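As a plain string of letters, each chain reads:
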Amino acid sequence: MTVPLWLWASTVAGLLVLIAIDLVIVDRKPHEVTAREALRWVAFYVFCAILFGIGVWVFAGHDPGVEFFTGYLTEYSLSVDNLFIFMIVMASFKVPAIHQHRVLLVGILLALAMRSVFIAVGAALIAQFVWVFFLFGGVLLWTAASMLRGNDEHEEYRENAVTRWARRLYPVSDSYDGHRMFVRRGGRRMMTPMFLVIIAIGSADLLFAVDSIPAIFGITQEAFLVFTANAFALMGLRQLYFLLGGLVNKLVYLSYGLAVILGFIGAKLVLHALHEYHAVPDWLDINNWVSLGVIVGVLTLTTVASLLKVRRDAAVAEHSSAAS
């Protein structure tokens, strides 16, 4: 798939237009985003992603189209796991509800910019070295095993190195001051908690890129599709945060489903590398139709199982309360 420079420029410009629309309509007047408003925006961004994917399918062929949709679904599902961290960060920094949308918007844009660097480096390495597939596959298999062991990474927020460095660089004011990032107090230039929490959101999301970028490279090695799938997934993630809210905590089996997906893609990357070295037969090089089916099936199964468990636990608790 050959992507001319004008198409790259047009795509980035289109994404910037979507961001500008969001800023003008949603963020012009700070307010608490309602579930109904969030639902409309989630539907809008999903529709935009589907429309873009159809365009890829029509103009580039069905293989790139399947790669985009598979990559987008993978990135979106992995991004849902970010919502746990976002909620903990927001609570830790006591972000007012009316400012949460701005924090997510700027933080995610920062993360997308940093992810773009990862994507460029990953694409360059893959183009030159087949062994990189072994490295990416190993990262995903290790992450999948860690998730299956049930690490309690969502229990408590601890500031990462980037956030601690920002605190050392600038003193932080005691309170929010609207959307302002910096203020002057007693003749000193100080950083507001608004700027610090944006750094926390952006850097936390960047840590997730260590898993998600290798995962999507296991689906497509086309940098244009990797970038656009990430962009559409992240842009819709903000509104999903307000839509799902406490529902995220009810997806009790989500981490297991994501571990299965990461493990599957990790194994696919290793098999692909072995295939490139002619060490395995052709039928072991898993195609994207199989990948799409596995990802959709696992996500559906884990979502349904999670909701059934929550309903069953609620029924048991209600029965126990009535019996006592």
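Further up the page is the structure itself.
Residues numbered from 1 in each chain as written. Predicted model: local features only at pLDDT ≥ 70, side-chain atom pairs only at ≥ 80, totals over all residues. Heavy atoms only, no water.

1. Considering the overall build of the protein chain
Reasoning step 1: Looking only at helices and strands, the protein chain features 11 helices and 2 strands.
Reasoning step 2: Across the protein chain, helices and strands are ordered from the amino to the carboxyl terminus as α-α-α-α-α-α-α-β-β-α-α-α-α.
Reasoning step 3: Computed over the C-alpha atoms, the radius of gyration of the protein chain is 21 Å, within 12% of the 20 Å expected from 2.2 N^0.38 for a compact globule of 324 residues.
Reasoning step 4: Principal-axis analysis of the C-alpha atoms gives the protein chain an extent of 70 × 65 × 35 Å.
Reasoning step 5: Put simply, the protein chain has 324 residues, and 48% of those count as buried.
Reasoning step 6: Contacts in the protein chain between residues far apart in sequence, at least 24 positions, make up 77% of those at least 6 positions apart.
Reasoning step 7: As displayed, the protein chain offers around 16,100 Å² of accessible surface, 66% of which is attributable to carbon and sulfur atoms.
Reasoning step 8: Counting 23 positive and 23 negative side-chain charges, the protein chain places the centres of these two groups 12 Å from one another. (Helix = DSSP H or I, 4+ residues; strand = E, 2+ residues; numbered from the N terminus. Rg over C-alpha atoms; globule rule 2.2 N^0.38 Å. Buried < 20%, exposed > 50% of the residue type's maximum accessible area, 1.4 Å probe, protein only. Contact = heavy atoms within 4.5 Å. Areas by Shrake-Rupley, 256 points an atom, 1.4 Å probe, with all protein chains shown as cover. Lys, Arg positive; Asp, Glu negative; His and termini not counted. Charge placed at Lys NZ, Arg CZ, Asp CG, Glu CD.)

2. Some thoughts on the packing of helix 5 (residues 100-128) against helix 9 (residues 223-244)
Reasoning step 1: At a minimum axis distance of 10 Å, the contact between helix 5 and helix 9 shows a crossing angle of 160°. Classed by the angle they form, the pair helix 5 and helix 9 counts as roughly antiparallel. When the axes of helix 5 and helix 9 are compared, the crossing they make is right-handed. Every residue of helix 9 that contacts helix 5 at Q100, H101, L104, L105, I108, L112, R115, S116, I119 and A123 is listed here: A223, V226, F227, N230, A231, L234, L237, R238, Q239, Y241 and F242.
Reasoning step 2: Partitioned by chemical class, the residues of the contact of helix 5 with helix 9 number 14 nonpolar, 5 polar and 2 charged. (Axes fitted to C-alpha atoms, helices over the stretch in contact; angles between N-to-C directions. Parallel < 35°, antiparallel > 145°, perpendicular 65-115°, else oblique. Left-handed = near helix turned anticlockwise from the far one by under 90°. Nonpolar A, V, L, I, M, F, W, Y, C, P; charged D, E, K, R; others polar.)

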